[in-house]
Amino acid sequence: MKTINPQNLLRRVSRQVNVGSVAIGGQAPISVQSMTNTDTRDKKATLKQILKLAESGCEIVRLAVPDREAAVNLAYFTQNSPVPLVADIHFDYRLALIAIEAGIAKLRINPGNIGESSRVKLLAVKAKERGIPIRIGVNAGSLEKELLTKYSGPTPEAMVASALRHIKLLEAADFTDIVISLKASSVPATIAAYQSLAGQCPYPLHIGITEAGTWYKGSIRSAVGLGILLWQGIGDTLRVSLTGDPVREVETGREILQSLGLRSFGATVVSCPTCGRCQVNLEELSQAVETMAAKIDKPLKIAVMGCAVNGPGEAREADLGVAGGKGEFLIFRKGEIIKKVPESEVLAVLEEELGKII
Ligand code: SF4
């Protein structure tokens, strides 16, 4: 059997662009983005959420800019944000000009939606002067009418045609610091669209399943869609779209990348599903260990296993592991049994041993 090694994954070659301090494309690490869901006109609430997202590991934060008041606030956010910010603008190129002046690190705007070519040209010149990339964000829900007619609906072909049309407009304005996304709520349609566009342009791809749903279903749908694309080497930055607290988008995005071995964000906890052999409260312990591991930024593996059937085997593979018995646990460190402790003490002992490893 062939060994699958994520390091051997062939990543699609793309042009690199810089979003402030974060590179997208080329050999740059696949970055995790999210978007605030506060009212951008509310300075206090929006900055609070930007800071919370950055603290959770979000590397690029996008903000909706629906009007002038929101656009004017961008300067305050760029001055106070620890991570690069992206202004998400629809139709009004004047808001994009304000965003550029405010020090935004990237624009998301579709050039085909802002009217005359002189406006596209002006925007391209201003963005180029400041080294700001533009993301073309094609969404199946807002495709051009004639493409919907031509392709009989929001098909992957229609999405790709829309992206190529927007790309042409920017290239005609001599602008090539482009990132593209092609999002649909259908997982197969999204995959097909990205697969098709990947071979038709050199630009980095921002991947995501749009309107994926609430945390549970949305995370699964995103993991399936993005996992397949990433495994095919497609995707330079990602956003998981979930209804609710955007911090969960960051946690899910990071987990998707870490589970494929494409990024390492710290400790990995593996825990068994338990079965009739388990005689300890493993669910409670696993959750406590996950909380503990979330604070560790080293690529350690911690195994939490319910019994001595598969437990010691898995625990031996880990930097630190436990395998349950009857109201007690064996503790393994780097493959060696180091202790047997009562269930009531296992968490404290694990914490102590982790401290020694770190
Ligand atoms: S490790 Fe033990 S308790 Fe956990 S699933 Fe396997 S056999 Fe069951």
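Analysis parameters
- Residues numbered from 1 in each chain as written.
- Predicted model: local features only at pLDDT ≥ 70, side-chain atom pairs only at ≥ 80, totals over all residues.
- Heavy atoms only, no water.
- Helix = DSSP H or I, 4+ residues; strand = E, 2+ residues; numbered from the N terminus.
- Expected span 1.5 Å × (residues − 1).
- Buried < 20%, exposed > 50% of the residue type's maximum accessible area, 1.4 Å probe, protein only.
- Arc of directions from axis to C-beta.
- Salt bridge = Lys/Arg side-chain N within 4 Å of Asp/Glu carboxyl O.
- Patch = residues over 30% accessible without salt bridge, like charges linked within 9 Å, V, L, I, M, F, W, Y side chains within 5 Å.
- Areas by Shrake-Rupley, 256 points an atom, 1.4 Å probe, with all protein chains shown as cover.
- Pairing = 2+ DSSP bridges.
- Axes fitted to C-alpha atoms, helices over the stretch in contact; angles between N-to-C directions.

(A) Expanded view of helix H12 (residues 346-357). In this model, H12 (12 residues) spans 16 Å end to end at C-alpha, consistent with the 16 Å of a helix rising 1.5 Å per residue. Within the sequence span of H12, burial applies to Val 346, Val 349, Leu 350, Glu 353 and Leu 354. All buried residues of H12 fall inside an arc of 135° around its axis, so they share one side.

(B) Spotlight on the pattern of salt bridges. Counted by the stated rule, this structure contains 21 salt bridges. When the shortest N-O distance is used, the salt bridge between Glu 353 and Lys 356 registers 3.1 Å. Placement of both Glu 353 and Lys 356 in helix H12 is noted, with a separation of three residues, approximately one turn of the helix. Glu 353 gets classed as buried once you look at its relative accessible area, which sits at 2%.

(C) Quick look at a nonpolar patch on the surface. Together, Trp 215, Tyr 216, Ile 220, Val 224 and Ile 228 give the surface a local cluster of nonpolar side chains, amounting to about 490 Å² of exposed area. By secondary structure assignment, the location of Tyr 216 is in helix H8 (residues 215-231).

(D) Focus on the sheet that holds strand S12 (residues 301-305). Within the open sheet, the five strands sit side by side as S11-S12-S13-S14-S15. Their pairing is mixed. Edge positions in the sheet fall to strand S11 (268-271) and strand S15 (336-342), since each of these pairs with one other strand and no more. Pairs of neighbouring strands in the sheet enclose a mean axial angle of 20°, with direction left out of account. With four bridges joining them, S11 and S12 adopt parallel strand pairing. Across the sheet, Val 270 pairs through a bridge with Ala 303, a residue of S12.

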